[in-house]
Amino acid sequence: MGSTRDEIDDKATGDDELIYTYNRELFYHFDKENGYTQKVDYQNPCNQVIIKQSWDAAEERLEEVKQMVILGKSSPIAYYMEKILMEVPMLAAYMEIPKWRVRRHLKSKVFKKLKPEVLAKYASIFEIPADQLTNQDYLK
Amino acid sequence: METKTIINYTHRQAGHCESGATSNLFKFNGLEISEPMAFGIGNGLYFSYIPFLKIQFAPMISFRNLPNTVFKRSTAYLGIDATVVKKIKDPEDAMNLLDRNLENGIPTGCQVGVFQLTFFPPEYRMHYNMHNLVVFGKDGNMYHVSDTVMELPQLITREDLLRVRYAKGAFAPQGKMYWINHAISKPIDLKPAIIKGIKKTVNEMIGIPFPLIGVKGLRWMARDLKKWPKKHGDNKASFYLGQILRMAEDFGTGGAGFRYIYGAFLKEAGELFDNHQELLEASDMMGKTANKWREFTYMGARNCKNRSKPEENYGTLSEKLLEIAAGEEKVYQKLKKIKF
């Protein structure tokens with residue numbers, strides 16, 4: 001690759017605009033003339049694309065899980081777990097139960113038999129009212 | 001009980017959360033050490049690639065050392081009296097200990113998870129548990145914290161702070177906290193610490209006989225990267241690549257940025273050793289490699305934009321990584337040969 005830094009910068013800023021402008025961060029730079037410098041700025045557009053990709057992927061996964069729940073193959077716990085970007089080991093740690101139990105709870109058959117206390121604990125982790133787990137309006 | 005204690009602590013933004021916090025804590029206690037200096041002495045630079053461990057659905061890649069390494073090693077190498085409490089079982093105890101420190105005028109570093117960190121930029125709020133911040137004040141239920149990612153000091157409620165200090169998952173913070181015990185009164189010679197720090201980093205990057213750590217790990221990842229589209233399909237390959245890039249560029253500086261910080265450290269060190277020629281040359285080389293990292297992320301970002309039709313060939317990206325690995329290796333080889 002024979003491209004110089006300037007060319008790359010042009011490509012990066014040419015057609016993209018900033019997606020995230022919540023906070024400016026400190027970045028280090030290096031070039032021959034000035035040596036090492038620091039600059040406070042927003043994340044550059046190129047990196048913002050990368051960050052966005054990761055969120056898009058999360059959304060896609062959520063959509064997939066949602067379809068599974070509608071088809072009755074997965075339980076709403078699977079949906080909310082995905083919604084807060086968790087995986088089984090992490091959710092099990094928050095629930096303080098073994099992973100295999102959480103895995104069972106992801107099946108809709110097992111979910112229907114869950115006790116209200118267990119549901120309430122899940123709901124508190126997902127930060128939703130307890131009855132929202134059984135009420136499936138969100139799927140519509 | 002209404003209490004108000006706010007320590008006169010200066011918030012400074014930094015490129016890397018832990019070395020920023022460490023440097024700010026040193027400065028508070030009277031030792032003028034820049035962020036790159038803390039980063040270099042405390043071995044912030046690192047690389048490991050663990051393809052069989054999946055974090056957030058992608059292979060685990062780490063550009064940084066284990067949490068708390070920078071603080072622990074830099075205080076140890078500099079001979080500074082500091083305390084690290086690794087794990088506190090009861091969250092209430094952890095908060096009480098923090099309160100006691102604040103009453104005694106000790107700003108205290110805490111490891112936290114960012115997912116529920118209320119003031120954190122929303123786009124970064126994924127389950128990432130290796131973040132660091134310094135608590136320096138309390139006003140009733142509100143805590144004053146200095147987070148080096150943010151432009152300004154922030155406020156957080158006791159409940160929210162407790163929650164992020166006990167976030168669960170990989171590298172869970174478990175209430176970890178650290179602080180420097182006394183103000184540093186006697187002058188400290190940085191040179192022996194710098195030598196120790198460089199030796200350790202060189203060893204970690206090229207000396208460990210395990211193929212997934214340091215430069216070897218980087219090469220392994222480059223070779224794997226080439227195979228991803230065939231093995232996993234274009235979509236997943238692009239997602240994996242995005243994950244590498246996110247690790248390389250996230251949170252202010254990320255992994256690629258760490259190369260700049262390390263280069264800046266080598267420059268400072270070189271100046272301290274009476275313009276040590278080889279150190280200054282190594283610093284230049286590091287800066288150039290860091291720029292190559294940035295070129296790599298720009299190339300990669302184009303692939304992430306259009307996931308199913310990659311613009312850049314994965315082979316080219318892999319070659320770029322191998323080039324970076326070779327460049328970095330030269331820096332470490334050079335540092336290894338220096339006789340102080």
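Residues numbered from 1 in each chain as written. Chains lettered and ligands numbered in written order. Predicted model: local features only at pLDDT ≥ 70, side-chain atom pairs only at ≥ 80, totals over all residues. Heavy atoms only, no water.

## Quick look at the overall build of chain A
Now for step 1: A count of helices and strands for chain A gives 7 helices and 2 strands.
Now for step 2: Reading the helices (α) and strands (β) of chain A from amino to carboxyl end gives α-β-β-α-α-α-α-α-α.
Now for step 3: For chain A, with 140 residues in total, the buried portion stands at 47%.
Now for step 4: Contacts in chain A between residues far apart in sequence, at least 24 positions, make up 48% of those at least 6 positions apart. (Helix = DSSP H or I, 4+ residues; strand = E, 2+ residues; numbered from the N terminus. Buried < 20%, exposed > 50% of the residue type's maximum accessible area, 1.4 Å probe, protein only. Contact = heavy atoms within 4.5 Å.)

## A few points about the overall build of chain B
Now for step 1: Helix and strand counts for chain B stand at 10 helices and 9 strands.
Now for step 2: For 340 residues, the compact-globule formula gives about 20 Å, and the C-alpha radius of gyration of chain B, at 20 Å, lands near that figure.
Now for step 3: For chain B, the C-alpha atoms occupy an extent of roughly 60 × 50 × 30 Å along the three principal directions.
Now for step 4: Burial status across chain B gives 63% buried among its 340 residues.
Now for step 5: Counting only contacts in chain B whose residues sit at least 6 apart along the sequence, the fraction spanning at least 24 positions is 70%.
Now for step 6: Approximately 13000 Å² of chain B is accessible, and the part contributed by carbon and sulfur atoms is 53%.
Now for step 7: The centroid of the 47 positive side-chain charges in chain B is displaced by 7 Å from the centroid of its 35 negative side-chain charges. (Rg over C-alpha atoms; globule rule 2.2 N^0.38 Å. Areas by Shrake-Rupley, 256 points an atom, 1.4 Å probe, with all protein chains shown as cover. Lys, Arg positive; Asp, Glu negative; His and termini not counted. Charge placed at Lys NZ, Arg CZ, Asp CG, Glu CD.)

## Looking at the packing of aromatic side chains
Now for step 1: Under the criterion given, the structure shown has 15 aromatic pairs over all chains.
Now for step 2: Ring centres of Tyr79 of chain A and Tyr80 of chain A lie 5.2 Å apart, and the angle between their planes is 85 degrees; on these two criteria the pair is classed as edge-to-face. With respect to class, Tyr79 of chain A is no different from Tyr80 of chain A; both count as buried.
Now for step 3: Where Phe120 of chain B meets Tyr124 of chain B, the ring centres are 6.2 Å apart and the plane angle is 50 degrees; that geometry is what we call tilted. Accessibility assignment for this pair places Phe120 of chain B and Tyr124 of chain B in one class, buried.
Now for step 4: Chaining the aromatic ring pairs together yields one cluster made of Tyr79, Tyr80, Tyr122 and Phe126 of chain A.
Now for step 5: The ring of Phe273 of chain B has Lys191 of chain B lying over it, and the distance from NZ or CZ to the ring centre is 5.5 Å. (Phe/Tyr/Trp six-rings, centres within 6.5 Å; stacked < 30°, edge-to-face > 60°. Lys NZ or Arg CZ within 6 Å of the ring centre and 35° of its normal.)

## Quick word on the interface of chain B and chain A
Now for step 1: Listed per partner, the contact involves 59 residues of chain B and 44 residues of chain A.
Now for step 2: Roughly 4700 Å² of surface becomes buried between chain B and chain A when both sides are summed, with 58% attributable to carbon and sulfur atoms.
Now for step 3: Counting the contacts that link chain B with chain A gives 2 salt bridges.
Now for step 4: When the shortest N-O distance is used, the salt bridge between Glu151 of chain B and Arg24 of chain A registers 3.0 Å. (Buried area = accessible area lost by both parts, 1.4 Å probe. Salt bridge = Lys/Arg side-chain N within 4 Å of Asp/Glu carboxyl O.)

## Describing helix H4 (residues 88–95) of chain A
Note on helix geometry: an α-helix contains 3.6 residues per turn, so any two residues three or four positions apart are oriented the same way.
Residue and element names in this part refer to chain A.
Now for step 1: Most of H4 is tucked away: 6 of the 8 residues are buried.
Now for step 2: Taken as a whole, H4 has its buried residues at Val88, Met90, Leu91, Ala92, Tyr94 and Met95.
Now for step 3: Looking at the buried positions of H4, the neighbouring elements they touch are helix H3 (76–83), helix H5 (99–105) and helix H7 (116–126).
Now for step 4: One or two positions beyond H4, positive phi appears at Glu96, with a value near 60 degrees.

## Thoughts on the domain arrangement of chain B
Now for step 1: Domains assigned within chain B are domain 1 (4–32 + 82–180) and domain 2 (190–337).
Now for step 2: Distance from the C-alpha centre of domain 1 of chain B to the C-alpha centre of domain 2 of chain B: 29 Å. (Domains from an automatic or database assignment.)

## Quick notes on the packing of helix H2 (residues 45–70) of chain A against H3 of chain A
All names here are of chain A.
Now for step 1: Here H2 crosses H3 at 170 degrees, and the two axes come no closer than 9 Å. The orientation of H2 relative to H3 falls into the category roughly antiparallel. Contacts between H2 and H3 involve Arg61, Leu62, Val65, Lys66 and Val69 from the former and Pro76, Ala78, Tyr79, Glu82 and Lys83 from the latter.
Now for step 2: A class-by-class count of the residues in the contact of H2 with H3 yields 6 nonpolar, no polar and 4 charged. (Axes fitted to C-alpha atoms, helices over the stretch in contact; angles between N-to-C directions. Parallel < 35°, antiparallel > 145°, perpendicular 65-115°, else oblique. Nonpolar A, V, L, I, M, F, W, Y, C, P; charged D, E, K, R; others polar.)

## Concerning the pattern of salt bridges
For side chains of opposite charge, pairing can occur when their charged atoms come near one another.
Residues and elements named next belong to chain B.
Now for step 1: Applying the stated criterion across every chain, the model contains 20 salt bridges over all chains.
Now for step 2: A salt bridge links Lys292 to Glu323; the shortest N-O distance between them is 3.4 Å. Of the two residues, Lys292 is situated in helix H9 (residues 277–305) and Glu323 in helix H10 (residues 314–337); the sequence distance between them amounts to 31 residues.
Now for step 3: Exposure remark for Lys292: the relative accessible area of 28% places this residue in the partly exposed category.

## A look at the nonpolar core
Now for step 1: Residues Leu78, Leu266, Phe296 and Leu335 of chain B are the most contacted members of the largest nonpolar core, which totals 84 residues.
Now for step 2: Excluding residues within four positions of it along the chain, Leu266 of chain B makes contact with Ile198, Leu279, Ala282, Ser283, Met286, Val331 and Leu335 of chain B.
Now for step 3: Listed in part, the 34 residues of the second largest apolar core include Val88, Leu119 and Leu133 of chain A together with Ala167 of chain B. (Core = buried A, V, L, I, M, F, W, Y, C linked by side-chain atoms within 4.5 Å.)

## Looking at the environment of Gly255 of chain B
Residues and elements named next belong to chain B.
Now for step 1: By the element assignment, Gly255 lies in helix H8 (residues 254–272).
Now for step 2: With a relative accessible area of 0%, Gly255 lands in the buried category.
Now for step 3: Separated by 100 residues in sequence, Gly255 and Leu155 have C-alpha atoms that sit 28 Å apart.
Now for step 4: Every residue in contact with Gly255, bar those within four places of it in the chain, is listed here: Phe63, Met247, Ala248 and Glu249.

## Brief notes about unusual backbone geometry
Now for step 1: For Glu96 of chain A, which is not glycine, the phi torsion reads 60 degrees and is therefore positive.
Now for step 2: For Glu96 of chain A, the location among the structural elements is in the loop between H4 and H5.
Now for step 3: One non-glycine residue, Asn68 of chain B, adopts positive backbone phi at about 80 degrees.
Now for step 4: Looking at where Asn68 of chain B falls in the secondary structure, it is placed in the loop between strand E3 (58–64) and helix H3 (69–78).
Now for step 5: Taking the relative accessible area as the measure of exposure, Asn68 of chain B reaches 2% and is therefore buried.

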